[in-house]
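What follows is the residue order along each chain.
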Amino acid sequence: MNEILFQPVKLGALDLANAIIMAPMTRDRSGPGDIPTENMVQYYRQRASAGLIITEGTQPSPAGKGYWRTPGIWSKDQIAGWRKVTDAVHERGGKIVMQLMHCGRVCVTANKQDSSEVIAPSAIACANKVPGPDGVPVPTAMPRALETSEVRAVVQEFAQAARNAREAGMDGVELHCASGYLPNQFLNPHSNQRTDEYGGPVENRIRFTLEVLEAMGDAIGSERVGFRISPYNPYNDMHDDDPKATFGPLLRGADKLGLAYTHLVDVADMLGFVNANYSGSIITNNNLKVDEAAAILADGQAQAISFGRYFISNPDLVERIQEGAELARVDRDHIYTGEDKGYIDYPLRNAG
Ligand SMILES: Cc1cc2nc3c(=O)[nH]c(=O)nc-3n(C[C@H](O)[C@H](O)[C@H](O)COP(=O)(O)O)c2cc1C
């Protein structure tokens, strides 16, 4: 009955061996210089039987960093570090795309390793707290509103990050437009109070995201670019009374760009809405059980499914689902800390 999960899928230029995707997950384990470590190489290699791995959120620029020990893709050493990850995944026949996450105002300054500024569409702080270097939540920094010319420069930073991701061997990139990060800050009518062409009416609030997607498409080919949305998700102070009024036009605009996929974190039964506004491939996610995932694919409502937490504790998730084996539980104490522990020490079912 779950056979449909094991059918090959094509998402733009990405040919996947199966429809089971590893969702992007921040794990806070990168090294000095925000460079991927050998542990990260091992972690992604262990999970390479996924049809596609989407990496943890990765900053396109120093200013994009908001959390502790998240990796970057703007320096030569970071590119070299990621090259080891992509080689390891490709050696096992897997595919991997990089999630580009610019935190914007969702930032604790002490989490940065440099003096890069905290920027956002408007000088409005994120109301909730974010973990600092010791993991204890603290208030976020007050951001500076970008000048119009600076917004255009940030668009180009994303294009360069996409090029860097390809240079590092990534099969593509995913723009993180969910969870209250920079693109979401532009989309949302409360965090975006701009009066230039990037703020105000919906066609202006979607402009930044569409320009970034287009610029990344020009840089590496739009069929290697995807994006992630989560309408109605209030995470990181993203309150909105009418998200459909923003995400409808966004999806219809993105539909014209010939992208690889839209990735929906479905917190509010939005799959029908996304299908109505977007004709390309859809990945759906959020708290799905294996049977539910198969039913969604069978209905044709999505072309692939991403799983997050299952992949933390089941490196061989694809094989386990195929065998109907029991799924291991996540060690909740070592999600963001512990180095090897709770990271690369989850056993393979058939190991040894
Ligand atoms: C530890 C952890 C870190 C996460 N980090 C990210 C991230 O960097 N980018 C992102 O888009 N979503 C992130 N998410 C959300 C997951 O991608 C996914 O949407 C969520 O876990 C729900 O899927 P699941 O029920 O299959 O776990 C994270 C989730 C977890 C559990």
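Draft legend 1. Structural context of the sheet that holds strand β5 (residues 96-100). Spatial ordering of the closed barrel is given by β3-β4-β5-β10-β11-β12-β13-β14, a layout of 8 strands whose pairing is parallel. Looking at each pair of strands side by side, their axes are set apart by 25° on average, direction ignored. Of the strand pairs in this sheet, strand β13 (residues 282-285) and strand β14 (residues 304-307) are connected by 3 bridges, and their pairing is parallel. Counterpart to N285 in the pairing with β14 is S306.

Draft legend 2. Representation of unusual backbone geometry within the structure. Within the chain, Y232 stands out as a residue other than glycine whose phi angle is a positive 75°. Looking at the secondary structure, you find Y232 in the loop between β11 (225-229) and α7 (243-255). Of note, D269 is a non-glycine position whose phi angle comes to about 55°, a positive value. Inspection of the secondary structure puts D269 in the loop between β12 (261-265) and α8 (271-277). The exposed category is assigned to D269, around which 8 C-beta atoms lie within 10 Å.

Draft legend 3. How the structure looks around the packing of helix α1 (residues 38-46) against helix α2 (residues 76-91). It is the contact of α1 with α2, at a shortest axis distance of 8 Å, that shows an interaxial angle of 25°. Classified by the interaxial angle, the pair formed by α1 and α2 is roughly parallel. As for the relative orientation of α1 and α2, their crossing is right-handed in sense. Each of M40, V41, Y44 and R45 in α1 lies in contact with α2, whose residues at this interface are K84, V85, A88 and V89. By residue class, the composition of the contact of α1 with α2 is 6 nonpolar, no polar and 2 charged.

Draft legend 4. Here's a closer look at the site of the ligand. Within the structure, the ligand sits among 21 residues, and A23, T26, G57, G308 and R309 are positioned closest to it. For the shell around the ligand, the residue count by class is 9 nonpolar, 9 polar and 3 charged.

Draft legend 5. Focus on the packing of helix α3 (residues 148-167) against helix α6 (residues 207-220). The geometry of α3 relative to α6 is characterised by a closest axis approach of 8 Å and an angle of 35° between their N-to-C directions. With respect to the hand of their crossing, α3 and α6 are arranged in right-handed fashion. Between α3 and α6, the residues in contact are V151, V155, Q156, F158, A159, A162, R163 and R166 and F208, E211, V212, A215, M216, D218, A219 and I220, respectively. Taken together, the residues that form the contact of α3 with α6 break down as 11 nonpolar, 1 polar and 4 charged.

Draft legend 6. View of the nonpolar core. Among the nonpolar cores identified, the biggest contains 99 residues, and I20, I21, Y44, V173, M216 and I305 are the most heavily contacted of them. In this structure, V173 is in contact with V97, M98, L100, A162, A165, M216, R224 and V225, ignoring residues within four places of it in sequence.

Draft legend 7. Representation of α3. Taking 1.5 Å of rise per residue, the 20 residues of α3 would be expected to cover 28 Å, and the 29 Å separating its terminal C-alpha atoms lies within 8% of that figure. Here the buried face of α3 lies against α2, β5, β10 (172-176) and α6. Once α3 ends, the next one or two residues include G169, with phi positive near 95°.

Draft legend 8. Highlighting the pairing of β12. In terms of burial, β12 is largely enclosed, as 5 of its 5 residues are buried. Neither face of β12 is exposed, since Y261, H263 and V265 on one face and T262 and L264 on the opposite face are all buried. Considered for its hand, the β-α-β crossover made up of β11, α7 and β12 is right-handed. Of the pairings in the sheet, the one linking β12 to β13 comprises 4 bridges and is parallel in character.

Rules used throughout
In this convention, every chain numbers its residues from 1, walking through the sequence in written order. Side-chain atom pairs in this predicted model are given and counted only at pLDDT of 80 or more, local residue features only at pLDDT of at least 70, and totals for whole chains, interfaces and linings cover all residues. Strand pairing is defined by DSSP finding a minimum of two bridges between the two strands. Runs of H or I in DSSP of at least four residues are treated as helices and runs of E of at least two as strands, each being numbered from the N terminus. Here an angle of 0 to 180 degrees is reported between the N-to-C directions of two axes, which are lines fitted to C-alpha atoms, with helices fitted over the stretch in contact. Each residue is classified by how many other C-beta atoms fall within 10 Å of its C-beta atom, where C-beta atoms are placed from the backbone; a count of 20 or more means buried, 12 or fewer means exposed, and values in between mean partly exposed. When describing relative orientation, an angle under 35 degrees is termed roughly parallel and one over 145 degrees roughly antiparallel, while 65 to 115 degrees is termed roughly perpendicular and anything else oblique. Here is the rule for handedness: rotate from the far helix to the near one, and if that takes an anticlockwise turn smaller than a right angle the crossing is left-handed, while a clockwise turn gives right-handed. Note on contacts: each residue gets a C-beta atom placed from the backbone, and two residues are in contact if those atoms are within 7 Å. Each residue gets one label: Ala, Val, Leu, Ile, Met, Phe, Trp, Tyr, Cys and Pro are nonpolar, Asp, Glu, Lys and Arg are charged, and the others, such as Gly, are polar. For each residue, a C-beta atom is placed from the backbone, and the residue is labelled near a molecule or strand when this atom is within 6 Å of it. For this analysis, nonpolar core means a set of buried Ala, Val, Leu, Ile, Met, Phe, Trp, Tyr and Cys residues linked through C-beta atoms within 7 Å. Expected span of a helix, by definition, is 1.5 Å for each gap between consecutive residues, and there is one gap fewer than residues. We call a crossover right-handed when, viewed with both strands directed away from the observer, the connection leading from the first strand over the helix to the second proceeds clockwise.

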